[in-house]
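# Analysis of the macromolecular model
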Amino acid sequence: KTLDIERCDLESRINNTTHHTDQNGLDRLIVRRGLPFTITLHLRSGSQFEAGVSTFRLIVEIGPLPKELSGTKSTFSLTDSALKTAWSVSTNSPPGNVVSLSVSSPPDVPIGLYSLTLDQGQKVKLGEFVLLFNPWCDKDAVYMEEERDRQEYVLSQAGLIYKGTTKRIKASPWTFGQFEPGMLDICLKLLDENPKYSSDADADCSGRRNPVYVTRVISAMINSNDDKGVLVGNWSGDYDDGVRPSHWTDSVAILHQWADNCCQRVRYGQCWVFAAVACTVSRALGIPCRVVTNFGSAHDTNSNLLIEFLYDEDGNDISDDSVWNFHVWVDNWMARPDLDAGYDGWQASDPTPQEKSEGVFCCGPVPLKAIKEGELNLKYDAPFVFAEVNADVVEYVKLTNGRMVKMGGSSIDVGHFISTKAVGSDERHDITHLYKHPEGSLQEREVFERAKHHHELQQKGEEPGLKVKIKVSLDMDIGADFDVFAVVTNNTEADKTCRVMFYARIVSYDGKPGANCGFIEDLTMEVPTGKEKRLPLRLEYVDYGDTITSDRLIQLVLIVIESSPREFHKAKRTIVLENPDIAIKLLGEPRVNQKVSAQISLQNPLPEPLQNCFFSVMGASLTDGKLLIQNVGTVGPKQEAKYTVEFTPTSTGSRTLTVDFDSDKLSNIKGYLNIEIKE
């Protein structure tokens, strides 16, 4: 008996709430796989549904060329109850002209935009819906057991990204905004723009059942090195034809710019921007994700798990390998049925374009357990990630006669304070233990050998009798003058005559050196036996102010050469100058759909005026998906920049207002305020 359908209600309000997708809005159907959803058929007058008499089939399809064989199309009839391994539809509606149908999807079907069609010999399209990964379903590969983890790694729209150095770790706020208007459609568009979709759309759509496959696509598409990806990487310091990477505070503006301009590459990003946008896309699609920072992160260019630093006699770095002050990537949570048992859980993935994987600039996902245990044959890209957190370092001086002299080495310089935001709080959560065994432990060294590292770095002979190190002042604020100190201690039984070179230079977070901003060159120092000598180096704003990057990093290098016997000693330290704080004060109690104001201020710490000062304000469900920008003009030395911003919260709950300050001489200043929105 044919049903004469007047309209179909996809019940998006009820379904979206049940499926934890209501933050995307309630005006379209967005559901998660493995969990039933309800649709209602309203029949025209005279048409009536009768169980066992009325027959029809439903058809769900995804992609431009859907096929039953590839799982991108499924045709199914009414059954008595939901099936767990195939699409199914059931009903318990009594006879009448309103039919409530319960549609169930398997927990391993492709995610994306589906069409829903009713077939009674004549086909009627009922509508479209988006199907996402489901961390709430224990049969889904992305299932997370704890609700508090799902709240943090899937539903939270704001987070913290850690930067700086091991000595001074700083948290920067970021708005992921995965539920802001338009974000889900842009994330689905990103999947459709990947080269695999262009070459075989049905195979690509079929592959979207697997979070491993989707994560690799995301990793490749966040950068634009070999596809129509989102971001262009730039570490040159010249950003005149784009946006300085440190200026971004949210993924929403980046993804909108990419989508609204026909997928033209967005200029510019660096590692934390790539990672943050990847986190937004992952969470939007339902893959649990967190942003991770590794301090002292190695970039091994020749895949030998060894970072080889080479210097000339003047202390200039002439090596290819590098250790970044910090590097940022993401961890995604998923099962790994493609590997042996025991490798489910967090998987590292790095969207920053560094090295190619299977011919494409992407990296991961690779199980954290594989990295920790040195299992470098496991997919994907385990050797590269292992080196980032666990490479050994060896240093050489190349003499003018061409001879190479080993200056030192270390197995503990790489992979420290691996950090991510804690669940449910703004505390830093140290996850180093998930990536590696305790530094210097027997287990850690055994793992290194298991990783087929055959280079021996243990120093031969006795420990050097001359010790060198660098000490710094407590207060190192941007705009201030301060001292740093070369410290030489003579623990030998003889007086020592040394040649000392001590210099400071600007450096970017990826270790790329810039201009010198202070130096003591070729000083002869007499160090009596058993004594310590200190040599101060004054760093003044007039010397570093014009060339320091928005990372505010200065690298200190100390080289001490004993005259007899001729031995080289080196110490290196990177310092980060402290930013002024942004003060944010709410003016009134924030309530949903009511305007509220916040007063924002920042004091100029520099001894000169700041020109072209801007505040940029963003908050998911606070600023209507927009970046609010205010030009506050010129701010004199020690004067305050002020801005009172108005915004209207659109939903209740905990929200984060993020603020960025930018000017001609001071940028990359971040602040944030957690706000509880009431009814």
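Residues numbered from 1 in each chain as written. Predicted model: local features only at pLDDT ≥ 70, side-chain atom pairs only at ≥ 80, totals over all residues. Heavy atoms only, no water.

Worth spelling out the cut-off: UniProt positions are given in the numbering used here, feature names are shortened, and annotations may be inferred rather than shown by experiment.
The name given to the protein chain in an unreviewed UniProt entry is Protein-glutamine gamma-glutamyltransferase 2, with the source organism recorded as Oncorhynchus kisutch. Within the UniProt record for the protein chain, the comment given under Sequence similarities (unreviewed entry) is "Belongs to the transglutaminase superfamily. Transglutaminase family."

## With respect to the overall build of the protein chain
Worth spelling out the cut-off: Only runs of H or I of at least four residues qualify as helices and only runs of E of at least two qualify as strands under DSSP, and these elements are numbered from the N terminus. Computation of the radius of gyration draws on C-alpha atoms alone. For the globule rule, the value is 2.2 Å times the number of residues to the power 0.38. Three exposure classes are used, based on accessible area relative to the maximum for each residue type with a 1.4 Å probe and protein chains only: buried under 20%, partly exposed in between, and exposed over 50%. Each accessible area is a Shrake-Rupley result for a 1.4 Å probe, and residues are judged covered by the shown protein chains and nothing else. For the charge count, each Lys or Arg is scored as positive and each Asp or Glu as negative, with His and the chain ends excluded. A single reference atom marks each charge: NZ on Lys, CZ on Arg, CG on Asp, CD on Glu.
Helix and strand counts for the protein chain come out as 13 helices and 36 strands. For the protein chain, whose C-alpha radius of gyration is 29 Å, the value lies close to the compact-globule estimate of 26 Å for 679 residues. Dimensions of the protein chain, computed from the C-alpha atoms along their principal axes, are close to 110 × 60 × 40 Å. The buried share among the 679 residues of the protein chain stands at 56%. Within the structure as shown, the protein chain displays about 28,400 Å² of accessible surface, and the carbon and sulfur contribution to it stands at 46%. If the 72 positive side-chain charges of the protein chain are averaged to one point and the 95 negative ones to another, these points end up 1 Å apart.

## A few points about the nonpolar core
Note that soluble globular proteins tend to have their nonpolar side chains buried in a common cluster. The test is simple: Think of a nonpolar core as a cluster: buried Ala, Val, Leu, Ile, Met, Phe, Trp, Tyr and Cys residues, connected wherever their side-chain atoms sit within 4.5 Å. Contacts are residue-level and defined by heavy atoms, with any inter-residue pair within 4.5 Å sufficient.
Counting 62 residues, the largest nonpolar core has Trp174, Ile222, Leu231, Ile254, Trp272 and Leu285 as the members making the most contacts within it. Of all the secondary structure elements, the ones that give two or more residues to this core are strand E9 (123-132), strand E10 (158-164), helix H3 (183-192), helix H6 (211-222), helix H7 (251-260), helix H8 (271-285), strand E14 (289-299) and strand E16 (322-334). Among the elements that take part in this core, H8 stands out by supplying 12 residues, more than any other. Leaving out residues up to four positions away in the same chain, Leu231 has contacts with Ile222, Asn223, Ser224, Ile254, Val266, Tyr268, Gly269, Val273, Phe274 and Val277. Grouped together as the second largest cluster of nonpolar side chains are 56 residues, Met476, Met525, Leu610 and Val659 included.

## Description of the packing of aromatic side chains
Threshold: Only rings of Phe, Tyr and Trp enter the pairing, Trp through its six-membered ring, and a pair is recorded when the two centres are within 6.5 Å. The plane angle decides the type: under 30 degrees is stacked, over 60 is edge-to-face, the rest tilted. A ring is considered to have a charge above it if a Lys NZ or an Arg CZ atom is located within 6 Å of its centre and within 35 degrees of its normal.
Enumeration over the complete set of coordinates arrives at 20 aromatic pairs. With centroids separated by 6.2 Å and ring planes inclined at 45°, the aromatic side chains of Trp272 and Phe326 adopt a geometry described as tilted. On the criterion of sequence distance, the pair formed by Trp272 in helix H8 and Phe326 in strand E16 is long-range, its members being 54 residues apart. In this pair, the class of Trp272 matches that of Phe326, namely buried. One aromatic cluster is present, formed by Trp235, Trp272, Phe274, Phe295, Trp324, Phe326 and Tyr509 through successive ring pairs. One Lys or Arg, Arg290, reaches over the ring of Trp346 and ends 4.0 Å from the middle of that ring. The ring of Phe485 carries Arg534 above its face, with NZ or CZ at 5.7 Å from the centroid.

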